[in-house]
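Observations on the three-dimensional arrangement
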Amino acid sequence: MPSISQNLNLVRQRIDAAAKNFNVSHHIRLLAVSKTKPAELLQQAYAAGQRDFGENYLQEALEKQQALAELEICWHFIGPIQSNKTRAISENFHWVHSVDRIKIARRLSAQRPEQLPALNICLQINLDREDSKSGFSLDELSEAAAIVAELPGLKLRGLMAIPQKQAGFEQQQASLARLQQALTQLQPQLSQTHAPLDTLSMGMSADLEAAIAAGSNMLRIGSDIFGQRDPAQ
Ligand SMILES: *Cc1c(COP(=O)(O)O)cnc(C)c1O
């Protein structure tokens, strides 16, 4: 079995190759998606230089945060958010990528502890209007972003999407490029102080290259770093 550090190296090589191929010069941040994986594997990734970790399930994430409290990890919440979980999310994460309703943003804002810096937020967009996925539609985005940008305790950093499965490279890239266009259109509408809008959170193991071609600067990679998960998860 290849080690986590070997997997990470391969992913980093793919990122570098794609960046070169598509003439990308901006920095691309790599988030290691560690859902369902034990703390020991996160520790191995950390030892190999990884600092950003993404988790989908609150309880599981809190346990790992406790086990790894000495490490300087930047924690990203990327899973579906139920209203009754917002307090713990707001108190224990640096980023939330999966804000899909105004109500959730308001709760995260109200519950962010005052002594902590603003919580970094991405709005989740349902790019392909799939019933199975949550997120704002592109039509709703401008209005939603204007509201979220004004909420205290939050910093609106950008947009996040999970593209359609099965799609080929061209289709993935075309779909993800719409997320980049949406961000570009939004930027002049909002104040940079509350909404720097510098983040495109897109690209998973299966569409890493297409995401880089479409302008991603925050990849969320799970199985190619930590190995396959149970298909239900
Ligand atoms: C699981 C997950 C990922 C990582 O997916 P892989 O295909 O394992 O790379 C990325 N983003 C979100 C929102 C996820 O739930």
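You'll find the structure just up there.
Because the structure is predicted, anything quoted here is derived from the model rather than measured.

Running from amino to carboxyl end, helix H6 (residues 138-149) crosses helix H7 (residues 169-186) at an angle of 35 degrees, the nearest separation of the two axes being 11 Å. Crossing of H6 over H7 shows right-handed handedness. Listed contacts from H7 to Leu138, Leu141, Ser142 and Ala145 of H6 are Arg178, Ala182 and Leu186. Its residues assigned to classes, the contact of H6 with H7 comprises five nonpolar, one polar and one charged.

This model, assessed by the stated rule, comprises eleven salt bridges. A salt bridge links Glu60 to Lys64; the nearest nitrogen and oxygen atoms lie 2.7 Å apart. Taken together, the positions of Glu60 and Lys64, both in helix H3 (residues 58-67) and four residues apart, correspond to about one turn of that helix. Look at Lys64 and you get buried, because its relative accessible area is 6%. What you see here is one network of salt bridges that share partners, running through Arg14, Glu209 and Asp224.

Take the environment of Ile78 next. Structurally, Ile78 can be placed in the loop between strand S3 (74-77) and helix H4 (86-92). Residue Ile78 is classed as buried on the basis of its relative accessible area of 9%. Expressed as a C-alpha distance, the spacing of Ile78 and Leu156, which sit 78 residues apart in the sequence, is 15 Å. With near-sequence residues (within four places) excluded, Ile78 lies in contact with Val33, Gly54, Glu55, Asn56, His97, Ser98, Met160 and Arg220.

Here we take up the environment of Glu150. On the secondary structure map, Glu150 appears in the loop between H6 and strand S6 (154-161). Spatially, the C-alpha atoms of Glu150 and Ser109 are 9.9 Å apart, while their sequence positions differ by 41 residues.

Moving on, we come to the nonpolar core. Judged by nonpolar contacts, the single largest core of 65 residues is most densely connected at Ile121, Leu123 and Leu156. Judged by nonpolar contacts, the second largest core, of eight residues, contains Val33, Cys74, Ile78 and Met160.

Among the residues of helix H2 (residues 39-47), Ala39, Leu41, Leu42, Ala45 and Tyr46 are the ones counted as buried. Here the buried residues of H2 occupy an arc of 160 degrees about the axis, which is enough to place them on one side. Exposed and oriented more than 90 degrees from the buried face of H2 are Glu40 and Ala47. One or two positions beyond H2, positive phi appears at Gly49, with a value near 100 degrees.

Our focus in this paragraph is the side chain of Ser98. Mapping Ser98 onto the fold places it in strand S4 (residues 95-99). In contact with Ser98, other than residues within four places in its own chain, are Phe77, Ile78, Gly79, Ile81, Cys122, Gln124 and Met160.

You will see that Asn23, though not glycine, has its phi angle at about 55 degrees, which is positive. Residue placement: Asn23 occurs in the loop between helix H1 (4-21) and strand S1 (29-33). The class for Asn23 is exposed, based on a relative accessible area of 71%. Even without being glycine, Arg129 reaches a positive phi, approximately 50 degrees. Along the polypeptide, Arg129 turns up in the loop between strand S5 (119-125) and H6. Given the relative accessible area of 54%, Arg129 is considered exposed.

Around the ligand, 13 residues are found, and the nearest of them are Lys35, Asn56, Ser205, Gly222 and Ser223. Asn56 is positioned with one of its side-chain polar atoms (N or O) 2.7 Å from an oxygen atom of the ligand. In the environment of the ligand, an oxygen atom lies 2.7 Å from a nitrogen or oxygen atom belonging to the backbone of Ser223. Within the complex, 90% of the 390 Å² of free accessible area of the ligand lies under protein.

Conventions used here
Residues numbered from 1 in each chain as written. Predicted model: local features only at pLDDT ≥ 70, side-chain atom pairs only at ≥ 80, totals over all residues. Heavy atoms only, no water. Axes fitted to C-alpha atoms, helices over the stretch in contact; angles between N-to-C directions. Helix = DSSP H or I, 4+ residues; strand = E, 2+ residues; numbered from the N terminus. Left-handed = near helix turned anticlockwise from the far one by under 90°. Contact = heavy atoms within 4.5 Å. Nonpolar A, V, L, I, M, F, W, Y, C, P; charged D, E, K, R; others polar. Salt bridge = Lys/Arg side-chain N within 4 Å of Asp/Glu carboxyl O. Buried < 20%, exposed > 50% of the residue type's maximum accessible area, 1.4 Å probe, protein only. Core = buried A, V, L, I, M, F, W, Y, C linked by side-chain atoms within 4.5 Å. Arc of directions from axis to C-beta. Near = heavy atom within 4 Å. Polar contact = N/O pair within 3.5 Å; in protein donor to acceptor, adjacent residues only side chain to side chain. Areas by Shrake-Rupley, 256 points an atom, 1.4 Å probe, with all protein chains shown as cover.

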